[in-house]
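This is what each chain is made of:
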Amino acid sequence: MTEPLLFISGLSAVSDRDGGSPILRDVALTLERGEVRGLVGESGAGKSTIAKALLGILPRTVRVTGGTIRFEGRDLLTLPAPALRDIMGSEISLIPQDPQTALNPGRRIEVQLTDGLRLRRGMSAKAAHARALALLEEVHIRDPLRVLRAYPHELSGGMRQRVLIAAAFALKPKLVIADEPTTALDVTVQKQILRLIRGMQRAHGTGVVFVTHDLGVVAQICDSVTLLYAGKVIEQGSTADVLQRPKHAYTRALIAAGPRYDRPNAGLEPVPQSVFEQLRAEIGIK
Ligand SMILES: Nc1ncnc2c1ncn2[C@@H]1O[C@H](COP(=O)(O)OP(=O)(O)O)[C@@H](O)[C@H]1O
Ligand SMILES: [Mg+2]
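Residues numbered from 1 in each chain as written. Chains lettered and ligands numbered in written order. Predicted model: local features only at pLDDT ≥ 70, side-chain atom pairs only at ≥ 80, totals over all residues. Heavy atoms only, no water.

Just checking my understanding: could you explain the overall build of the protein chain for this structure?
Secondary structure summary: the protein chain contains 12 helices and 10 strands in total. In terms of principal-axis extent, the alpha carbons of the protein chain reach across some 60 × 45 × 40 Å. Among the 286 residues that make up the protein chain, the fraction classed as buried is 49%. Here the protein chain displays about 13,500 Å² of accessible surface, and carbon together with sulfur accounts for 52% of that area. (Helix = DSSP H or I, 4+ residues; strand = E, 2+ residues; numbered from the N terminus. Buried < 20%, exposed > 50% of the residue type's maximum accessible area, 1.4 Å probe, protein only. Areas by Shrake-Rupley, 256 points an atom, 1.4 Å probe, with all protein chains shown as cover.)

Here it is as structure tokens:
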């Protein structure tokens with residue numbers, strides 16, 4: 001048996017900021033190589049906490065109380081810092097939520113794209129430049145030479161997000177974490193960016209954990225989905241199974257509430273109070 005790309009089991013965490021209240025409750029999920037898994041739930045469900053744990057950037061006020069995260073068999077929670085540094089940004093990378101703040105405003109795009117190639121892959125300046133150019137072409141940027149010379153403020157939000165996608169794939173990672181990568185963009189750009197991420201991960205066979213609160217996004221790009229509520233996995237499986245044959249009342253209610261259930265008034269039906277009562281009873285919270 002070969003190890004899956006990612007194997008999370010029994011993952012539990014508490015917040016030392018909120019008096020030790022649980023953030024993750026016995027979370028288990030598996031990701032195979034080349035699979036795109038949606039991590040879905042409303043605000044506060046624990047999606048970003050899982051993403052941060054995968055990137056080794058949990059805040060100090062979040063304490064893991066149990067469980068394992070194995071990346072190709074290596075336990076990310078117990079790996080020594082140097083080994084973890086070798087993995088982060090290189091074998092596991094991030095497409096961030098906000099393209100406005102994720103790029104360094106004072107440095108040209110070329111520097112930001114080539115730093116990792118030079119420092120972590122030992123490329124010459126010339127080779128890194130050529131690779132950065134090819135990466136920008138791969139994310140369908142039309143005038144890549146101009147963009148390489150540009151500063152972030154000279155680019156639109158959609159262009160910046162393309163640059164960040166190029167950066168996330170630059171070192172050929174095995175796992176990309178996308179934490180709500182399209183929420184800051186307008187709808188037409190969102191669709192293009194989703195297609196781009198899907199295209200890049202297919203071309204490279206990359207596994208993706210795609211954090212979103214939008215089941216419409218899940219339907220569009222995820223092979224599988226894990227639905228969280230209050231840090232607990234409520235339902236998971238292939239996207240087709242979960243969206244077409246939901247088992248849990250909460251999943252059914254979210255589907256009925258429409259793709260943007262997080263936005264009051266946008267959905268067809270809000271999630272009924274009785275469903276939240278059922279969830280809280282199951283999880284054992286007030
Ligand atoms: N820096 C932090 N320290 C302690 N607790 C945190 C911190 N950040 C978030 N939390 C708590 O973790 C819980 C889950 O948050 P998060 O993972 O950000 O949810 P999501 O991404 O699904 O909206 C929330 O209850 C939040 O209060
Ligand atoms: Mg979040």
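That shown, we press on.
What should I look at first to understand the site of ligand 1 in this one?
Taken together, 15 residues form the shell around ligand 1, and within it G44, K47, S48, T49 and T61 come nearest. At 3.0 Å from an oxygen atom of ligand 1 is found a main-chain nitrogen or oxygen belonging to G46. One of the side-chain N or O atoms of T61 is found 2.6 Å from a nitrogen atom in ligand 1. Protein contact buries 78% of the 560 Å² of open area that ligand 1 shows by itself. (Near = heavy atom within 4 Å. Polar contact = N/O pair within 3.5 Å; in protein donor to acceptor, adjacent residues only side chain to side chain.)

How do you make sense of the packing of aromatic side chains when you look at a structure like this?
Any aromatic ring pair is given by two values, namely how distant the centres are and how the planes are angled relative to each other. Enumeration over the complete set of coordinates arrives at three aromatic pairs. Here Y229 and Y250 contribute two aromatic rings whose centre-to-centre distance is 5.4 Å and whose plane-to-plane angle is 70 degrees, an arrangement assigned as edge-to-face. Here Y250 lies in helix α11 (residues 249-256) and Y229 lies in strand β9 (residues 224-229), a separation of 21 residues in the sequence. Arranged with centres 6.2 Å apart and planes meeting at 55 degrees, the rings of Y250 and F276 form a pair that is tilted. In this pair, Y250 sits in helix α11 while F276 sits in helix α12 (residues 273-283), placing the two residues 26 residues apart along the sequence. We classify F276 as buried; its relative accessible area is 14%. Among the aromatic residues, those joined into a cluster by ring pairs are Y229, Y250 and F276. (Phe/Tyr/Trp six-rings, centres within 6.5 Å; stacked < 30°, edge-to-face > 60°.)

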